[in-house]
Amino acid sequence: MVHQVLFIVFGLICVAGAINLLVQRHPISSALSLVVVMASLALIYLLLGAEFVAAIQVIVYAGAIMVLFVFVIMLLNAGAEERTRGSRMALIVGVPGVIILAGTVGWMLVSGSGRLGGVNLVGPSSFGETHAIARLLFKEFLLPFEITSVLILIAIMGAVVLGKREN
Amino acid sequence: MDTKTFIIAAVIKIALVVFIMLTGVAYTTWLERKLIGRIQNRWGPTRVGPFGLLQPLADGVKFILKEDLLPDYVHKGLFILAPMLALVMSLISIAVIPFGETITIAGHTTALQISGITHAGGGISDINIGLLIILGVTSIGVYGVALAGWSSNSKYSLLGSLRASAQMISYELALGLSLVGILLLSGTLSLREIVFSQSGNWVLGGHDTHVPHWFIFPQIVGFFIYLLAAYAETNRIPFDMPEAETELVAGYHTEYSSMKFAMFFMAEYVNMFTVACLATLLFFGGWHGPHLGFLPPIGQALLPVVYFAAKVFFFIFLYIWIRGTLPRFRYDQLMAFGWKFLLPLAIANIIVTSLIVAWGA
């Protein structure tokens, strides 16, 4: 019972933060709304029993990446953005696209609710424990994991090269 | 333990720990002024009460009674939110720190830790990602400093908070990596379990060496990386770039007054306590110490807490001693030191430790 209530509360906070992110005009307010979204996502992970993922979500996304976002916004001293009345392309292509996408995803979830499998919200689960995740990362998915880290390293080196180029 | 007892015990523990922590913070400021005074051949505070012992109370009254200024052109919401965020985040990390093993009062056994839970069978457990929670909460605390500088709408504040966020992100890496050696040796992220894995003495080749089984001995490199990175994380001398008063007036809290300034001040000192507690728990065996058989039972029960407090006091003393001794780094030196020296050293420490652990297994 408590779990369901908490899930709904954090889910609502998450969605509210996401909407606020789009509505706010100042970049700092948008960035802080994104922090709220990430923090509430971390709490939902915690409710699912994935404590390690929750902690990493807070440390990496809310604590490191978003701090860098805020840092850059502060450094560039970005002001409030201007409003436009929207383009016609968005109206003609965007709105129907969003409706079709939302409809498809919703229909998939409703029709496939029996096949998709689920997670027990109340009872203890062990799929998110530190040991379980370590075993998955370093045994089953070792190669993809290492390749991803090499990919990120290449991206960092690319950023350094682009940043240092003189012209 | 039923729900009612659990809630009562938790509320009592929270009230007690917050009271002790804030009193400790107040008297650390007294100790700092006194010690720095002696180091610089002065007396420090002497006027209010014997040895100036009531000085923290006078300071507290002064902070509450001062005018709470809200400068023009500040971002009002964030300006008020920032000090609260800094203080709340620094206080939350205390919740997962174990101060001792257990204590039994009127038949109820409870862990000396806010987040410790007594099971129906009498077993005690705590949050099994305690260390990650401290790291996560500290990384959220950066927002307090960053937003304070930005929302103040003042160039000194902004420069201070830019320096602070850059410095904290850079040193967080070295800080996190310096603790990996401990995790490799203990095999757990729970602070309670890490302390338990440090009981007894080191055994070398079948001989009891009479050296306590503390992780400082195999992880001395990790310990120094942790200490340096933690000093930078808490913005203390020699890494107090964000509030360098000769360059930036007071850094990120230039525009703050009254209790809002006091909140930043308290947050800094609570963070110092967190760093000291973590160093004690991870490297110096937590509440472990020599067994003293001649003490009465009440003394025996409180001895672990006394050991813990003594070790924490040592680290607080070290903070103040270093403040009285070392000058401030230059900003480029600080960044180069963090990225080009501490980070590679921490990675080398992890590689060597994991090789030794793998060889032993």
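Residues numbered from 1 in each chain as written. Chains lettered and ligands numbered in written order. Predicted model: local features only at pLDDT ≥ 70, side-chain atom pairs only at ≥ 80, totals over all residues.

1. Some details on the overall build of chain B
- If you tally the helices and strands in chain B, you get 12 helices and 6 strands.
- In summary, chain B has a C-alpha radius of gyration of 21 Å against a globular reference of 21 Å for 361 residues, a match within 12%.
- Considered along the principal axes of its C-alpha atoms, chain B spans approximately 65 × 50 × 45 Å.
- Residues counted as buried form 41% of the 361 residues belonging to chain B. (Helix = DSSP H or I, 4+ residues; strand = E, 2+ residues; numbered from the N terminus. Rg over C-alpha atoms; globule rule 2.2 N^0.38 Å. Buried ≥ 20, exposed ≤ 12 C-beta atoms within 10 Å, placed from the backbone.)

2. A look at the nonpolar core
- In terms of nonpolar packing, the biggest core is built from 111 residues, with M38(A), A42(A), A55(A), A86(B), A146(B), A229(B) and L282(B) touching the most fellow members.
- Take this core: its biggest share by element is 17 residues, from helix α10 (residues 258-283) of chain B.
- In this structure A229(B) touches Y171(B), A174(B), L175(B), S178(B) and L342(B), once residues within four positions along its chain are discounted. (Core = buried A, V, L, I, M, F, W, Y, C linked by C-beta atoms within 7 Å. Contact = placed C-beta atoms within 7 Å.)

3. Side note on the confidence of the model for chain B
- Residues with a pLDDT of 70 or more make up 97% of chain B, whose mean pLDDT is 84.
- With pTM at 0.84, the complex prediction returns an ipTM value of 0.78. (pLDDT = per-residue confidence, 0-100.)

4. Some remarks on the domain arrangement of chain A
- Domain annotation of chain A identifies domain 1 (1-80) and domain 2 (129-167).
- Here the C-alpha centroids of domain 1 of chain A and domain 2 of chain A sit 23 Å apart. (Domains from an automatic or database assignment.)

5. Section: unusual backbone geometry
All names here are of chain B.
- You will see that N41, though not glycine, has its phi angle at about 60°, which is positive.
- Tracing the backbone shows N41 in the loop between α1 (3-39) and α2 (55-65).
- Taking the C-beta count within 10 Å as the criterion, N41 has 6 such neighbours and is therefore assigned exposed.

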